[in-house]
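# Remarks on the overall topology
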Amino acid sequence: MCFPSKSKSVVALDRYELLKDPINMDFMSDEGFYHAIALARQVKPSEGLQTFATVCSTWVWISRASTQRSLGNPLGNLKSKGVAKANAMVTRMVLLICFLASRFIGRVLEQPASSLMARHPRMLMLQKMDDTNPSLTGFYEVFTYMGAFGAETKKPTKLWSSEKWVRDLGRKLPADFARNTKLETVTVNTRGGVSGGRDLKNTQAYPDGYGVALRDLWAANRT
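Residues numbered from 1 in each chain as written. Predicted model: local features only at pLDDT ≥ 70, side-chain atom pairs only at ≥ 80, totals over all residues. Heavy atoms only, no water.

## Comments concerning empty space enclosed by the protein
Applying the stated criterion to the full structure yields one cavity of 30 Å³ or more. There is about 40 Å³ of room inside the largest cavity. Forming the walls of the largest cavity are I97, R107, L109, M123, F139, W160 and S161. Counting only elements with at least two residues in the lining of the largest cavity, the list comes to β2 (106-112) and β4 (156-161). Class assignment of the residues belonging to the lining of the largest cavity gives a composition of five nonpolar, one polar and one charged. (1 Å grid on protein atoms, 1.4 Å probe; cavity = no way out; pocket = protein on both sides within 12 Å on 5 of 7 lines; lining within 4 Å. Points joined across faces, edges and corners; volume = space filled by probe spheres on them. Helix = DSSP H or I, 4+ residues; strand = E, 2+ residues; numbered from the N terminus. Nonpolar A, V, L, I, M, F, W, Y, C, P; charged D, E, K, R; others polar.)

## Things to note about the sheet that holds β4
The strands that make up a sheet pair up through hydrogen bonds in the backbone, lying either parallel or antiparallel. In spatial order, the strands read β1-β2-β4-β3; together these four strands make up an open sheet with mixed pairing. Only two strands of the sheet have a single neighbouring strand rather than two, namely β1 (49-52) and β3 (140-145). If you compare each strand with its neighbour and ignore which way they point, the axes differ by 20 degrees on average. Across five bridges, the pairing between β2 and β4 is antiparallel. Residue pairing across strands places E110 opposite L159, the latter belonging to β4. Strand contacts of helix α3 (residues 81-101): β1 and β2, with the helix running at about 170 degrees to β1, the strand carrying the most contacts. The strands that helix α6 (residues 208-220) touches are β1, β2 and β4; relative to β1, the one it contacts most, it runs at about 155 degrees. (Pairing = 2+ DSSP bridges. Axes fitted to C-alpha atoms, helices over the stretch in contact; angles between N-to-C directions. Contact = heavy atoms within 4.5 Å.)

## Comments concerning unusual backbone geometry
Its identity is not glycine, yet Q68 carries a phi of approximately 60 degrees, on the positive side. Tracing the backbone shows Q68 in the loop between α2 (64-67) and α3. Judged by its relative accessible area of 45%, Q68 is partly exposed. Phi is positive for F104, which is not a glycine, with a value near 60 degrees. Mapping F104 onto the fold places it in the loop between α3 and β2. Residue class for F104 comes out partly exposed when judged on its relative accessible area of 46%. (Buried < 20%, exposed > 50% of the residue type's maximum accessible area, 1.4 Å probe, protein only.)

## Some thoughts on the side chain of R103
Note that R103 resides in the loop between α3 and β2. Summary of buried charges: R103 has no salt-bridge partner, and the nearest side chain of opposite charge, E47, is 12 Å away. A distance of 3.5 Å separates a polar side-chain atom of R103 from the backbone oxygen of R41. Polar contacts involving the side chain of R103 include one to the main-chain carbonyl oxygen of V43, which spans 3.2 Å. For R103, the contacting residues outside a window of four places in its chain are A40, R41, V43, P45 and S46. (Lys, Arg positive; Asp, Glu negative; His and termini not counted. Salt bridge = Lys/Arg side-chain N within 4 Å of Asp/Glu carboxyl O. Polar contact = N/O pair within 3.5 Å; in protein donor to acceptor, adjacent residues only side chain to side chain.)

Below, the structure is given as structure tokens:
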């Protein structure tokens, strides 16, 4: 998550990442959640932007067999600690979204295209809210490819945002796009089962082109 903070001339980004600080940036710990709120309080009302790349591993197609998530059962196998933790993480994310929205601060949530996160009950709540607060209730969706922004794989992606301008991040793959064939993102076993490949985690990072495009659109549409 990035929190553009108050600045007269420069937008300062504070990256919230577990690997950066396993205590104060563990979103599922009390300390980490309090720290996220403290960072959120620094975002400039009506101008700042909150971006999320909430952990997607249990929400995407490749984990369906173990998580048992589906359109009809998006919360999946609640007996699984990993699934239950992921569900709770989304609930905390929505709480934080509501806090920032009360200060008229927008958001962008990025997920792989196959993610079912938008079907979480708390996410559905956001979509159904009364339209008295546009910062809270806007729910615009766009399909794009991180490969179009410089990623080494196609990485079909969905963005969900309170900001209408997010639609301008929709991209098609360039005609000359060439996937890095050395990256192993999916492994198929002898029974035909699939699992994440050795390089899957390495494809999670945003390409610079996406960050630049997001920043430029946000800057052009600041109120």
